[in-house]
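Breakdown of the fold
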Amino acid sequence: MAVRLGLVGTGTGGGGCIEILKNHKDDFARHLGVDLELVRVCSRNPEQAIEHGVEDIFTQDYTEIVNDPSIDVVIELIGGTTVAKNVVMEALAAGKHVVTANKALMATHGEEVMRTAEEAGKE
């Protein structure tokens, strides 16, 4: 089974996510039967995308990820509570599954995020 991923954020967390997906792609397929395919990466910093070797799938506009019908899961790893909330809420509204490690977002807007996820059938 193929799962197409869009990643927003290429800092410490996002960069680590890129490396895990690249270095363990075969492990995920072998042990879990899932082909995780990173198809789009967004950041304010193109240099970080180049550093991680994903410049060919890079964008500075997160809406290209949120609005891409081929992407199944949006991973939000930018931090903060403003743009991150927009990414998460827009992704849910677009029918995407969302993964976030954003404690500030969940502490501030967690009930709204979880309610929106439930209403979208993505809990």
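This structure is a prediction, so every number in the text was calculated from the model and none was measured.

Regarding the environment of Leu-105
With respect to the helices, strands and loops of the structure, Leu-105 is situated in helix α6 (residues 103-119). The exposure class of Leu-105 is buried, given its relative accessible area of 0%. The spatial distance from the C-alpha of Leu-105 to the C-alpha of Gly-79 is 7.5 Å, given a sequence separation of 26 residues. The contacts of Leu-105, once residues within four sequence positions are left out, are Glu-76, Gly-80, Thr-81, Ala-84, Lys-85, Val-88 and Gly-110.

Let's talk about the nonpolar core
One finds Leu-5, Leu-7, Leu-38, Val-41 and Val-54 to be the most contacted residues of the largest nonpolar core, which totals 16 residues. When contributions to this core are tallied by element, the ones reaching two or more residues are β1 (2-8), α1 (12-23), β2 (35-42) and β4 (73-76). Filtering out sequence-adjacent residues up to four positions away, Val-54 remains in contact with Ile-18, Leu-38, Val-41 and Ala-49. Counting ten residues, the second largest nonpolar core, distinct from the first, contains Ile-65, Val-66, Val-74 and Ala-91.

Looking at the pairing of β1
Buried residues dominate β1, accounting for five of its seven residues. One ladder, built from seven bridges, connects β1 with β2; its direction is parallel. Paired with Gly-6 across the bridge in β2 is Arg-40. As paired elements, β1 and β4 share four bridges and run parallel to each other. Paired with Gly-6 across the strands is Val-74, a residue of β4.

Focus: the pattern of salt bridges
All told, the structure shown has six salt bridges when counted by the stated rule. Notably, a salt bridge pairs Glu-37 with Arg-4, separated by 3.5 Å at the nearest N-O pair. Of this pair, Glu-37 sits in strand β2 while Arg-4 sits in strand β1, and the two are 33 residues apart along the sequence. By relative accessible area, Glu-37 is classed as partly exposed at 31%. Classification of Arg-4 by relative accessible area gives partly exposed; the value is 26%. Across the salt bridge formed by Asp-27 and Arg-30, the nearest N and O atoms sit 2.5 Å from each other. Remark: Arg-30 and Asp-27 occur in helix α2 (residues 25-32); sequence separation between them is three residues, near one turn of the helix. Residue class for Arg-30 comes out exposed when judged on its relative accessible area of 56%.

Conventions and cut-offs
- Each residue is numbered by its place in its chain's sequence as written, counting from 1.
- For a predicted model such as this one, the threshold for reporting local features is a pLDDT of at least 70, and the threshold for listing and counting side-chain atom pairs is 80 or more; totals across whole chains, interfaces and linings nevertheless cover every residue.
- Processing note: side-chain calculations cover all non-hydrogen atoms of the structure and skip hydrogens and water entirely.
- Strands here are runs of E lasting at least two residues and helices are runs of H or I lasting at least four, both read from the DSSP assignment and numbered beginning at the N terminus.
- Accessible area is worked out with a 1.4 Å probe on protein chains only. A residue is then buried under 20% of its type maximum, exposed over 50%, and partly exposed in between.
- In what follows, a contact means two residues having at least one pair of non-hydrogen atoms within 4.5 Å.
- In plain words, nonpolar cores are sets of buried Ala, Val, Leu, Ile, Met, Phe, Trp, Tyr and Cys residues tied together by side-chain atoms within 4.5 Å.
- Pairing between strands is defined by DSSP: at least two bridges between the two strands are required.
- By convention in these notes, a salt bridge is any Lys or Arg side-chain nitrogen within 4 Å of a carboxyl oxygen on Asp or Glu.

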